[in-house]
Amino acid sequence: MDAAFVLVHSPLVGPATWKPVATRLIAHGATAVVPSLLDVPWAEPPFWPRITELVAGKVAGLSAGRPVVLVAHSNAGLFVPVIAAALTRPVAGCLFVDARLPARRGSTPVGAADRREFLREKAEDGLLPPWTTWFDESVVAPMFPDRETREAVEAEQPRLPLSYYEQRIPVPDGWDGRPCGYLLFGPPYEEVANEAAARGWAVERMTGRHLHQVVDPDGVADRIAAMAATWSPPSS
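Residues numbered from 1 in each chain as written. Predicted model: local features only at pLDDT ≥ 70, side-chain atom pairs only at ≥ 80, totals over all residues. Heavy atoms only, no water.

Examining the pattern of salt bridges
As enumerated under the stated definition, the model contains 11 salt bridges in all. Between Arg66 and Asp2 there is a salt bridge, with the nearest N and O atoms lying 2.8 Å from each other. Taken together, the positions of Arg66 in the loop between helix H2 (48-59) and strand E3 (68-73) and Asp2 in the segment before strand E1 (4-8) put the pair 64 residues apart, joining distant regions of the chain. A residue is classified by how much of its surface remains accessible, and Arg66, at 18% relative accessible area, is buried. (Salt bridge = Lys/Arg side-chain N within 4 Å of Asp/Glu carboxyl O. Helix = DSSP H or I, 4+ residues; strand = E, 2+ residues; numbered from the N terminus. Buried < 20%, exposed > 50% of the residue type's maximum accessible area, 1.4 Å probe, protein only.)

Some words on the environment of Ala196
Relative to the helices and strands, Ala196 is located in helix H7 (residues 190-198). Separated by 30 residues in the primary sequence, Ala196 and Glu166 have C-alpha atoms spaced 24 Å apart. Not counting the four nearest positions on each side in its chain, Ala196 is found in contact with Leu101, Tyr182, Trp201 and Val203. (Contact = heavy atoms within 4.5 Å.)

A closer look at the packing of helix H1 (residues 19-27) against helix H9 (residues 217-228)
Contact geometry of H1 with H9 gives a least axis separation of 8 Å together with a crossing angle of 60 degrees. Considering only the axes of H1 and H9, their crossing is right-handed. Contacts between H1 and H9 involve Pro20, Val21, Arg24 and Leu25 from the first element and Pro217, Asp218, Val220, Ala221, Ile224 and Ala225 from the second. When the residues that make up the contact of H1 with H9 are grouped by side-chain class, the tally is 8 nonpolar, no polar and 2 charged. (Axes fitted to C-alpha atoms, helices over the stretch in contact; angles between N-to-C directions. Left-handed = near helix turned anticlockwise from the far one by under 90°. Nonpolar A, V, L, I, M, F, W, Y, C, P; charged D, E, K, R; others polar.)

Examining the sheet that holds E1
Read across the open sheet, the 6 strands follow the order E2-E1-E3-E4-E7-E8; overall the sheet is parallel. Of all the strands in the sheet, just strand E2 (32-33) and strand E8 (202-205) have a single pairing partner and so form its edges. (Pairing = 2+ DSSP bridges.)

Section: the environment of Lys19
Counting through the fold element by element, Lys19 comes out in helix H1. For Lys19, a relative accessible area of 45% puts it in the partly exposed group. With 12 residues separating them in the primary sequence, Lys19 and Leu7 have C-alpha atoms 8.6 Å apart.

A few points about the packing of aromatic side chains
Within the structure shown, the criterion is met by 9 aromatic pairs. Taken together, a centroid distance of 6.1 Å and an interplanar angle of 50 degrees make the contact between Trp134 and Phe135 tilted. An angle of 80 degrees between the planes, with centres 5.1 Å apart, marks the rings of Tyr164 and Tyr165 as edge-to-face. The buried category is assigned to Tyr165, whose relative accessible area is 3%. Put simply, the rings of Phe47, Phe79, Trp131, Trp134, Phe135, Tyr164 and Tyr165 pair up and form one aromatic cluster. (Phe/Tyr/Trp six-rings, centres within 6.5 Å; stacked < 30°, edge-to-face > 60°.)

Don't take any of this as a statement about function, it's just geometry.
If you want it as structure tokens, here you go:
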């Protein structure tokens, strides 16, 4: 399938979380792009329209009519339905990588009530601290293969407004009528992977932590390509 891979990072981090995988995919002859969502915190709430604009703008640089595979990590998974709806080209499939799942219809809350309460305690003047500071060092350090990679990821981390977690994202009807799959890295997302399986999606597992794509970009790139290869090209 000659679809381009669109690797969408969580708005809590930056493109550095996907660039190593993109480099591997390109080295193996695929086309891969990594839209930057780093200016999302400066948008007016709700933030999902700006996210769709940024992804669509990056995808517009691909050859006209070329299909794409949306690959979303972590919190970016919630935005897949609206991103797919915003693109003016075929979407061959949607792959969720250790990611949250959007609702099947209606709308998706970005933050549950208990999550918003947890974050409200961390916010200062309505802004959240960088994501890796939310957790103990014993949790954060093992997510990175080396200091250089950690510094590159942490240098990009924005301070999201608390209002980011108060938005609801609309879910266009039929968004999951195309092939969807789930790639799980570890136990925190096990229940989410089970939900993906209950929806009838293909689910595969790699042993790792939440940022496993920066630890084993070769393995993750190979698995993404293999999962997408099972999907039929979409009709124009």
